[in-house]
Amino acid sequence: MLLRGGKLAASKTEAENKAEMQAWGAYMGGLNQKGQFVGGLPLVGGGKTVSASGTNHEAVTSAKEGIVGGYLVIKAGSLDEAAQIAAACPHVTNEGNVEVREIAPMPAM
C-alpha cells in the first residue's frame, strides 16, 4: 500500500492530529491482531530523485508525479481483499489515497 497525498499535520488542529493518531493506532492494532501487518513506515520529506538523466536533489514534490508519504506491507488473500483493508486506512479520511499493489516475486538470477 503506497500512501499518497493527504493533509499535512501543520494544516490541522491539535485535536484533528490527535484524533488521526488514535485512528492510526486502532487501524494498525487491527492489522497486527489479524496477522495482516508485515511492515511499513512513514517517509521523511525531501530526498533525491534518480533517473537516466541524472539526480535531482529533491524528492517528487508534485501531485501529478505522485507524492508518496509512506507505505505499508500487508498480507491479503487477494487484491480485492487488500483494497478493502486499504479502504479502512485513516489516510483515506485525511484526504489522501492509497495505491494497492501486489509485490512481484523476484525472478531467479
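Rules behind the numbers
- Residues numbered from 1 in each chain as written.
- Predicted model: local features only at pLDDT ≥ 70, side-chain atom pairs only at ≥ 80, totals over all residues.
- Heavy atoms only, no water.
- Pairing = 2+ DSSP bridges.
- Helix = DSSP H or I, 4+ residues; strand = E, 2+ residues; numbered from the N terminus.
- Buried < 20%, exposed > 50% of the residue type's maximum accessible area, 1.4 Å probe, protein only.
- Contact = heavy atoms within 4.5 Å.
- Phe/Tyr/Trp six-rings, centres within 6.5 Å; stacked < 30°, edge-to-face > 60°.
- Axes fitted to C-alpha atoms, helices over the stretch in contact; angles between N-to-C directions.
- Salt bridge = Lys/Arg side-chain N within 4 Å of Asp/Glu carboxyl O.

Draft legend 1. Local environment of the pairing of strand β1 (residues 2–5). In terms of strand pairing, β1 meets strand β5 (residues 68–74) through three bridges, oriented antiparallel. Looking at the pairing, Leu2 lines up with Tyr71 of β5. With four bridges joining them, β1 and strand β6 (residues 96–99) adopt antiparallel strand pairing. Across the sheet, Leu3 pairs through a bridge with Val98, a residue of β6.

Draft legend 2. Examining the side chain of Gln36 more closely. Within the fold, Gln36 resides in the loop between α1 (14–33) and β2 (37–42). Taking the relative accessible area as the measure of exposure, Gln36 reaches 12% and is therefore buried. Excluding residues that lie within four positions of it along the chain, Gln36 makes contacts with Leu31, Val73, Ile74, Lys75, Glu81 and Ile85.

Draft legend 3. Spatial organisation of the packing of aromatic side chains. Using the criterion set out here, one finds one aromatic pair in the structure. Relative to Tyr27, the ring of Trp24 lies with its centre 5.9 Å away and its plane at 85°, an arrangement referred to as edge-to-face. Taken together, the positions of Trp24 and Tyr27, both in helix α1 and three residues apart, correspond to about one turn of that helix. Overall, Trp24 belongs to the buried group, its relative accessible area being 16%. Residue Tyr27 is classed as buried on the basis of its relative accessible area, which comes to 10%.

Draft legend 4. Main features of the sheet that holds β2. Taken in spatial order, the four strands of this open sheet run β2-β5-β1-β6, and their pairing is antiparallel. The sheet is open, and its two borders are formed by β2 and β6, each paired with just one other strand. Adjacent strand axes in the sheet meet at a mean angle of 20° when their direction is disregarded. Against the sheet, α1 touches β1, β2 and β5, its axis set at about 25° to β5.

Draft legend 5. Geometry of the pattern of salt bridges. Across all of its chains, the model carries three salt bridges by this definition. One salt bridge in this structure joins Arg4 and Glu99, with 2.6 Å as the shortest N-O distance. One end of the pair, Arg4, is in strand β1; the other, Glu99, is in strand β6, and 95 residues separate them in sequence. By relative accessible area, which is 18% here, Arg4 ends up buried. The shortest N-O distance in the salt bridge between Glu20 and Lys12 comes to 2.1 Å. In terms of burial, Glu20 and Lys12 fall into one category: buried. What emerges from the salt-bridge pattern is a single network uniting Arg4, Glu99 and Arg101.

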